[in-house]
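Each chain, letter by letter, is given below.
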Amino acid sequence: MTSLQGLLLFLSVTVTSVVARSMVSSRSQPNQPSYKAAFPRSHYPSANFDPLNFHRQPRLEDSATEEDDYDGNGEFFKPRLDFEDLIPPSEITVRAHEGVTLECDAGGAPPPQMYWLKDGERIKMGDDNGAELRGLGTTKLRLYLDCVSSRDAGLYTCVAETPYNHIKTNTHLIVDENVNSLGGCEIRKRQGGAGAPARIFMWTGQHIEVTGGKVLLMCRSTGLPKPAVTWYGPENTELGVDGHGKYEIQKNGDLLISDISWLDMGEFKCLVKNPYGSDEVTTFLYPAAMEA
């Protein structure tokens, strides 16, 4: 577990023990903690503290734009980027006609955009265009390879990038073709016709953002026909039904939340569905007050 995961786990446990939404009798906004109040001294950033534990990635001390872009929160939102615990192995062998899913996640300030390369060429996966992300958080990425053949063998690269840096990790995929039959995967592929199940390939894992502003929670999916996207809030209420207002579902499936407050704290769920299948992920959002 990285220290960012530990930090977010601490937040969720602390908030759960202090705030029970079902006990809030008024929708007026309670007194919300600042960053210093939300984190004990052992968690609060200082000149020697790095919440992402950069044992693999040096900090960016030479960026001339860091302080301008992240004013008001100092070291906490200082640009940084690192892979989390979930990264694909350096080598994997898969039998022909079987399927495999590669998973990768990274965290940083701001949260990174992520994508895959195969033998150096970018893999197009639905709408994977970049978005302006701020705050501190993690991004998760998947690559689904169905009914693999020798054409799928090669070097796969998971790339995470922000305006300040980019990192990557490689996986060599080997396809074992010593198989005497087409396999169940190939048969199901033939029977399935032109459709493809709804699958989420990139989403926001956790996000910490300053209250009063906007936050974008990612949920990018693929499928044929194009999946319908539904978002649910921390109280399991469907969001963005009217297409505008505080919660807006973007064309690519992302959820844009305006004027975030302490009441937005909690787990958001993204559900995608089409006639061939469904998929869902959750995102934890932690709003925190600006330091005075």
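Residues numbered from 1 in each chain as written. Predicted model: local features only at pLDDT ≥ 70, side-chain atom pairs only at ≥ 80, totals over all residues. Heavy atoms only, no water.

When its secondary structure is counted, the protein shows 4 helices and 17 strands. Within the protein, the fraction of its 292 residues that count as buried is 47%. Look at the contacts in the protein between residues 6 or more apart in sequence, and 72% of them connect residues 24 or more apart. When the accessible surface of the protein is totalled, it reaches about 14,600 Å², and 49% of it is carbon and sulfur. (Helix = DSSP H or I, 4+ residues; strand = E, 2+ residues; numbered from the N terminus. Buried < 20%, exposed > 50% of the residue type's maximum accessible area, 1.4 Å probe, protein only. Contact = heavy atoms within 4.5 Å. Areas by Shrake-Rupley, 256 points an atom, 1.4 Å probe, with all protein chains shown as cover.)

The next subject is the pairing of strand β17 (residues 277-288). Taken together, the 5 bridges between strand β9 (residues 196-210) and β17 define a ladder with parallel strand orientation. For E209, the partnering residue across the bridge sits in β17 and is P287. With 9 bridges joining them, strand β16 (residues 266-274) and β17 adopt antiparallel strand pairing. In the strand pairing of β17, E267 is matched with F284. In sequence, β16 turns back onto β17 through a hairpin of 2 residues. (Pairing = 2+ DSSP bridges.)

For the rest of this paragraph, the subject is the confidence of the model for the protein. Mean pLDDT for the protein: 76, with 65% of residues reaching 70 or above. Within the model, the stretch residues 8-30 combines pLDDT values under 50 with 29 contacts to residues more than four positions away or in other chains. This stretch, residues 32-72, has a pLDDT under 50; its non-local contacts, to residues over four places away or in other chains, come to 97 contacts. (pLDDT = per-residue confidence, 0-100.)

With 28 residues, the main nonpolar core has F83, M114, W116 and L143 as its most contacted residues. For this core, the elements supplying multiple residues, two or more each, are β1 (80-83), β3 (100-109), β4 (113-118), β6 (136-145), β7 (154-161), β8 (166-176) and β9. Contact partners of M114, with chain neighbours within four places excluded, come to F83, C104, D105, A106, T139, K140, L141, C158, V159, A160 and M202. Core analysis: the next-biggest nonpolar cluster, separate from the first, contains 16 residues, L217, C219, F268 and L285 among them. (Core = buried A, V, L, I, M, F, W, Y, C linked by side-chain atoms within 4.5 Å.)

One way to say it: the disulfide is the covalent bond shared by the sulfur atoms of two cysteines. Taken as a whole and judged by the stated rule, the model has 2 disulfides. The residue that forms a disulfide with C104 is C158, at a sulfur-sulfur distance of 2.2 Å. Note on the C104 and C158 pair: the S-S dihedral is about -90 degrees, so by sign convention the disulfide is left-handed. With C104 in strand β3 and C158 in strand β7, the pair connects residues that are 54 residues apart, well separated along the chain. (Disulfide = S-S within 2.5 Å.)

Pairing is antiparallel across the open sheet formed by 3 strands, whose spatial order is β10-β15-β14. Strands at the two margins of the open sheet, each flanked by one partner only, are β10 (215-217) and β14 (247-249). The average undirected angle you get between the axes of adjacent strands in this sheet is 20 degrees. Where β14 lies against strand β15 (residues 255-257), 3 bridges are found, and the strand directions are antiparallel. Each bridged residue has a counterpart across the sheet, and for Y247 the counterpart in β15 is I257. (Axes fitted to C-alpha atoms, helices over the stretch in contact; angles between N-to-C directions.)

Attention now goes to the pattern of salt bridges. With the rule as written, the count across this model stands at 8 salt bridges. E98 is the salt-bridge partner of R95, the closest N and O atoms lying 2.8 Å from each other. Residue R95 is classed as partly exposed on the basis of its relative accessible area, which comes to 47%. The exposure class assigned to E98 is partly exposed, which follows from its relative accessible area of 31%. Among the ionic pairs, D105 bridges to K140, the shortest N-O distance being 3.6 Å. With D105 in strand β3 and K140 in strand β6, the pair connects residues that are 35 residues apart, well separated along the chain. Among the charged side chains, a salt-bridge network with shared partners connects E103, R142 and D279. (Salt bridge = Lys/Arg side-chain N within 4 Å of Asp/Glu carboxyl O.)

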